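Structural overview for review
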Amino acid sequence: MVDEPLVLGIETSCDETGVGIVRGTTLLADAVASSVDTHARFGGVVPEIASRAHLEAMVPTIERALKDAGVSARDLDGIAVTAGPGLAGALLVGVSAAKAYAYALGKPLYGVNHLASHICVDQLEHGKLPEPTMALLVSGGHSSLLLAPDITSDVRPLGATIDDAAGEAFDKIARVLDLGFPGGPVIDRLAREGDPRAIAFPRGLSGSRDPAYDFSFSGLKTAVARWIEAKRAAGEEVPVRDVAASFQEAVVDVLTRKAVRACVDEGVDHLMIGGGVAANSRLRALAQERCERAGIRLRVPRPGLCTDNGAMVAALGAEMVARNRPASDLELSADSSLPVTDPHVPGRNHAHDDTHDHGHDHGHDRAPGHAHDHDHVHEISKDNLYS
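In what follows, the accompanying structure is described. (Residues numbered from 1 in each chain as written. Predicted model: local features only at pLDDT ≥ 70, side-chain atom pairs only at ≥ 80, totals over all residues. Heavy atoms only, no water.)

Considering the arrangement of structural elements, one finds glycine 78 in strand E4 (residues 78-84). Between the alpha carbons of glycine 78 and lysine 107 there is a distance of 5.3 Å; along the sequence they are 29 residues apart. Setting aside residues up to four positions removed in sequence, glycine 78 forms contacts with Leu6, Val7, Leu8, Lys107 and Pro108. (Helix = DSSP H or I, 4+ residues; strand = E, 2+ residues; numbered from the N terminus. Contact = heavy atoms within 4.5 Å.)

Let's shift gears to the sheet that holds strand E11 (residues 344-345). An order of E3-E2-E1-E4-E5-E11 is seen for the 6 strands of this open sheet, with the pairing classed as mixed. Strands at the two margins of the open sheet, each flanked by one partner only, are strand E3 (26-34) and E11. Lying on the sheet, helix H2 (residues 47-69) is in contact with strand E1 (6-11), strand E2 (16-23) and E3; it crosses E3 at an angle near 155°. Contacting E1, E2, E3, E4, strand E5 (109-113) and E11, helix H12 (residues 310-322) crosses the sheet at an angle of about 135° to E1. (Pairing = 2+ DSSP bridges. Axes fitted to C-alpha atoms, helices over the stretch in contact; angles between N-to-C directions.)

Let's shift gears to H12. For an α-helix, the turn length of 3.6 residues means that residues three or four places apart are oriented alike. Under the 1.5 Å per step criterion, the end-to-end length of H12 is 18 Å for 13 residues, consistent within 8% with the ideal 18 Å. The buried fraction of H12 is high, at 12 of 13 residues. Those residues of H12 lying buried are Gly310, Ala311, Met312, Val313, Ala314, Ala315, Leu316, Gly317, Ala318, Glu319, Met320 and Val321. The opening residue of H12, the one whose side-chain oxygen lies 3.1 Å from the backbone nitrogen of alanine 311, is asparagine 309. Within two residues after H12, asparagine 324 carries a phi angle of roughly 60°, on the positive side. (Expected span 1.5 Å × (residues − 1). Buried < 20%, exposed > 50% of the residue type's maximum accessible area, 1.4 Å probe, protein only. Polar contact = N/O pair within 3.5 Å; in protein donor to acceptor, adjacent residues only side chain to side chain.)

Turning next to the packing of aromatic side chains. A full pass over the atoms with the stated rule returns 3 aromatic pairs. Relative to phenylalanine 247, the ring of phenylalanine 170 has its centre 5.0 Å away and its plane inclined at 70°; by these criteria the two rings are edge-to-face. Here the residue phenylalanine 170 occupies a position in helix H6 (residues 166-176), and phenylalanine 247 occupies one in helix H9 (residues 240-266), the gap between them amounting to 77 residues. According to the relative accessible area criterion, phenylalanine 170 is buried, its value standing at 1%. Between phenylalanine 201 and tryptophan 227, the ring centres sit 6.3 Å apart and the planes meet at 85°, which makes this aromatic pair edge-to-face. Of this pair, phenylalanine 201 sits in the loop between helix H7 (183-191) and helix H8 (218-233) while tryptophan 227 is found in helix H8, placing the two residues 26 residues apart along the sequence. By relative accessible area, which is 5% here, phenylalanine 201 ends up buried. Exposure remark for tryptophan 227: the relative accessible area of 26% places this residue in the partly exposed category. Over the aromatic face of phenylalanine 215 sits the side chain of lysine 258, whose NZ or CZ is 5.9 Å from the ring centroid. (Phe/Tyr/Trp six-rings, centres within 6.5 Å; stacked < 30°, edge-to-face > 60°. Lys NZ or Arg CZ within 6 Å of the ring centre and 35° of its normal.)

What follows concerns unusual backbone geometry. Going from glutamate 131 to proline 132, the amide bond is cis rather than trans, its omega being 0°. Structurally, proline 132 is set in the loop between helix H5 (123-126) and strand E6 (133-138). Positive phi, normally seen in glycine, also occurs at aspartate 178, with a value near 60°.

Spatial ordering of the open sheet is given by E8-E7-E6-E9-E10, a layout of 5 strands whose pairing is mixed. Where the open sheet ends on each side, the last strands, each with one partner, are strand E8 (154-160) and strand E10 (297-299). In this sheet, neighbouring strand axes are inclined to one another by 25° on average, regardless of whether the strands run parallel or antiparallel. As paired strands, E6 and strand E7 (residues 143-150) are joined by 6 bridges and run antiparallel to one another.

Running from N to C, H6 and H8 point in directions that differ by 10°, and their axes come no closer than 10 Å. For the element pair H6 / H8, the angle class is roughly parallel. Mapping the contact onto sequence places Lys172, Ile173 and Val176 in H6 and Lys221, Val224, Ala225, Ile228 and Arg232 in H8. Considering only residue class, the contact of H6 with H8 consists of 5 nonpolar, no polar and 3 charged. (Parallel < 35°, antiparallel > 145°, perpendicular 65-115°, else oblique. Nonpolar A, V, L, I, M, F, W, Y, C, P; charged D, E, K, R; others polar.)

This is the structure in C-alpha cells:
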C-alpha cells in the first residue's frame, strides 16, 4: 500500500555494508557490499579494515539501493540505522551516515537494535510477526533465545551463550581443519557428505541442572580441536567430512532442542530463527522436524535475509514508524553493547517514556554513563550533504 512507511535502513555492525529499502513489510531493495574477502586472509574480521570498507562503500551502496527501489531519497518517511550491538568503529560509520542523511533530507532518524532487526526481517518474507514472537538468533557473535511481545518496545532475553557463539565455533573449527574463513558455509557443505553420528562430540549445558535456555559451545570447540590434534599426532588422516557433520550436529541439536523447549514452556506456538547461522541447512531441517513434532510453526527467512543486511534494519525502522515510536535525535551514538531489551534508541525527550510499557522491566534502567550521550552532532551545512 502506498500509505505504508517507506524506510531506508543502514547496517554496518560488522563486515557488511547493507542498505535496504522497504515499504511497510514489502522489500524494495537490498544492497550489500561485503568486505569478507579482505578479512579472509586474517582468519577473522579486522575492525579497522571493516570500518574503512564501510566508509568507501556507504554512498555507492545507498545510491544503488535507491536506484533498485525506484525511489528518491526525498520520498523516504524515515532512515533507520543499526546503533548496536556490534564493532564500535563499524557502527560509528553507519550511524554517522544515517545522521547526515536524516539531517540533510529532514527525515526522522531511528537508531535500532541489531538483534531485534534480525527478528523483524522475517516480516518481509512471512508477513506480520505473531505477538509474542519466540526467536532463536544464531550468528558469529550471538546465540540467543528471545521472547518479543512487541518487537518495537518489548524484547525479553530468555537465554544466551555464556562463551563462544555458535557461528564463532563454526569459524574456529573451520580454522583447525584448514577450511578458511568464514567457516559456516564450508562446514555445512562438507557435513552433507559426512556421518553426523561418526563422532560423539559433547552437547554443552544439556544436563538437567544446567540453565534451560543458555548455550555454551566453548567446550565443544575444545573437544573437536583435541580430537583432531590426537588424530594428527597419531599420524592418522582426519576424516574432515565426518568431523564437520558430527560437530555441526552437536551444535544444531542443542540449539533446536532448547528453542523448542522454550516455545513449549512459554506456550508459544511458533518459532522464528534468524542470524547468519540460520542459513545452515541442517539447522533448518532439524528445527523443522522438531517443530512439527511439537506442533510449532517454524518461520525462517531465506538465507540472504539471515545474514547481516540493510533490509532487516529498514524492516524494524518501518515498524517503528507504523507504530508511532519516538524517533532518535541527532545526538544518537553507536553503542557496541546495546542490550537487546532496547529495540531502539529514542531521543532524549523520550528516553524514559513509559507510554508503551507493558508492565514489564525492559532493561531501561542503565548503569551510570550508559545513556547514549557519548557524542554531539556538529553544525554542518546541508549544501555539503546528499540532496
